[in-house]
Amino acid sequence: MSHNPVRPWRNIERRKSRRIMVGNVPVGGDAPISVQTMTNTDTSDVAATVAQVQRAAEAGADIVRVSTPDAAATKALKEIVRESPVPIVADIHFHYKRAIEAAEAGAACLRINPGNIGDEKRVAEVVKAAKDHGCSIRIGVNAGSLERDLLEKYGEPCPDAMVESGLDHIRILQDHDFHEFKISVKASDVFMSAAAYQQLADATDAPIHLGITEAGGLMSGTVKSAIGLGNLLWMGIGDTLRVSLSADPVEEVKMGFEILKSLGLRHRGVNIISCPSCARQGFDVIKTVEILEKRLEHIKTPMSLSIIGCVVNGPGEALMTDVGFTGGGAGAGMVYLAGKQSHKMTNDQMVDHIVEQVEKRAEEIESAGAVEAAE
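Residues numbered from 1 in each chain as written. Predicted model: local features only at pLDDT ≥ 70, side-chain atom pairs only at ≥ 80, totals over all residues. Heavy atoms only, no water.

**Concerning the environment of methionine 350**
Move 1: Inspection of the secondary structure assignment puts methionine 350 in helix α12 (residues 350-374).
Move 2: The spatial distance from the C-alpha of methionine 350 to the C-alpha of phenylalanine 178 is 57 Å, given a sequence separation of 172 residues.
Move 3: Every residue in contact with methionine 350, bar those within four places of it in the chain, is listed here: Phe283, Thr288, Phe325 and Met345. (Helix = DSSP H or I, 4+ residues; strand = E, 2+ residues; numbered from the N terminus. Contact = heavy atoms within 4.5 Å.)

As structure tokens, then:
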């Protein structure tokens, strides 16, 4: 639960789910909502794939999925898993033998698609491999690849068909005494996804992986994901997520954290509160924020920074942030530290000064946390 006794209207009551492990990352239960992405390199190119995994992990990814379309990919997976700083999920479509090979290669989780993995006998072989090698499984239902009999039954992809597909495969896993699984019901249509996830949340206690599949490019895909995933998360649904973008996987990770940060569900790095700017601005707000976003990417400590162009809302916003800067006039503005007015700073020196103050505040927060943990 996201609990705030002072401001109860910020509270989010998370759906109760079972906890499973994806490698060393807990998913479900009271574990933090994890952020995932997926590589887009040729998996058989170990160096390129590992480099992309490492960049995603540095950006904050808790789990990374890797496509394994052929034997060359599953052969490379063993080395990728060995060099990865985070658990690796093997993405399986069509060829159930790839799932068995991926389990043998050390994948932490196997993503199988009910629409193309094959009959129950093949799924049973995948389950055995998962048991033998300590893998979890994600049942990944997708509106674009539903089973033929469900399409015939419902006439088209729809929430009912997606949830029925997922529950059918949950039954198969449970019939084979396998319970280390999570499930997703993704569609590119926000309405369909949201409806399917709400229905699924009521039908199972399995951990739920959220996503709007094939959401689009960086801007449009982020907007669709923020609407779809944001509403579900606000309702308490979701234990892990991926923002699917036609963009660098690192951007998916960043957007995932931004969605979680906006709801107070996960905190990482600097949360910049800034105004859209207008004629009252005492400095170039847009350019300043753009520079600060890049300059502060290395900060992992959760903290807040307000950058406001004038004194209409600036002092009020600064009262609620770790560091703040409010534009004034005559080429200078006011610096706020821990919500209190501190000192003036000229506009031409403000960026370097703000970076310095943020770094200092991050060190203070980390030191205080270390002392508290030691007591």
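From this point on, the discussion continues.
**Points about α12**
Move 1: Here α12 spans 36 Å end to end across 25 residues, near enough to the 36 Å set by a 1.5 Å rise per residue.
Move 2: Residues of α12 that are buried include every one of Met350, Val351, His353, Ile354, Val355, Gln357, Val358 and Ala362, and no others.
Move 3: Each element contacted by the buried residues of α12 is listed here: β11 (270-274), α10 (285-295), β12 (303-308), β13 (323-329), β14 (332-337) and β15 (340-346). (Expected span 1.5 Å × (residues − 1). Buried < 20%, exposed > 50% of the residue type's maximum accessible area, 1.4 Å probe, protein only.)

**Section: the pairing of β12**
Put simply, side chains in a regular strand alternate between the two faces of the sheet.
Move 1: Within β12, 6 of the 6 residues are buried, which leaves it mostly tucked inside the rest of the structure.
Move 2: Burial along β12 is two-sided: Met303, Leu305 and Ile307 and Ser304, Ser306 and Ile308, pointing in opposite directions, are all buried.
Move 3: As judged from the 5 bridges shared by β11 and β12, these two strands associate in the parallel manner. Note on β12: the bridge partner recorded for serine 274 is isoleucine 307.
Move 4: Handedness of the β11-α10-β12 crossover: left-handed.
Move 5: Of the strand pairs in this sheet, β12 and β13 are connected by 4 bridges, and their pairing is parallel. Bridge assignment links isoleucine 307 to a residue of β13, and that residue is phenylalanine 325. (Pairing = 2+ DSSP bridges. Right-handed = clockwise from strand over helix to strand, strands pointing away.)

**Concerning the sheet that holds β14**
Move 1: One open sheet accounts for 5 strands, arranged β11-β12-β13-β14-β15; its pairing is mixed. Both edges of this open sheet fall to β11 and β15, since each of them pairs with a single strand only. Neighbour to neighbour, the strand axes of the sheet diverge by 20° on average, direction disregarded.
Move 2: Note that β13 and β14 share 6 bridges and pair antiparallel. Along β14, the bridge assignment pairs glycine 324 with tyrosine 336.
Move 3: Lying over the sheet, α10 contacts β11 and β12, oriented at roughly 155° with respect to β12.
Move 4: Where α12 meets the sheet, its contacts fall on β11, β12, β13, β14 and β15, and the angle it forms with β12 comes to roughly 160°. (Axes fitted to C-alpha atoms, helices over the stretch in contact; angles between N-to-C directions.)

**Remarks on the side chain of arginine 14**
Move 1: With respect to the helices and strands, the residue arginine 14 is situated in the segment before β1 (20-22).
Move 2: A distance of 3.1 Å separates polar atoms of two side chains, one belonging to arginine 14 and the other to aspartate 239. (Polar contact = N/O pair within 3.5 Å; in protein donor to acceptor, adjacent residues only side chain to side chain.)

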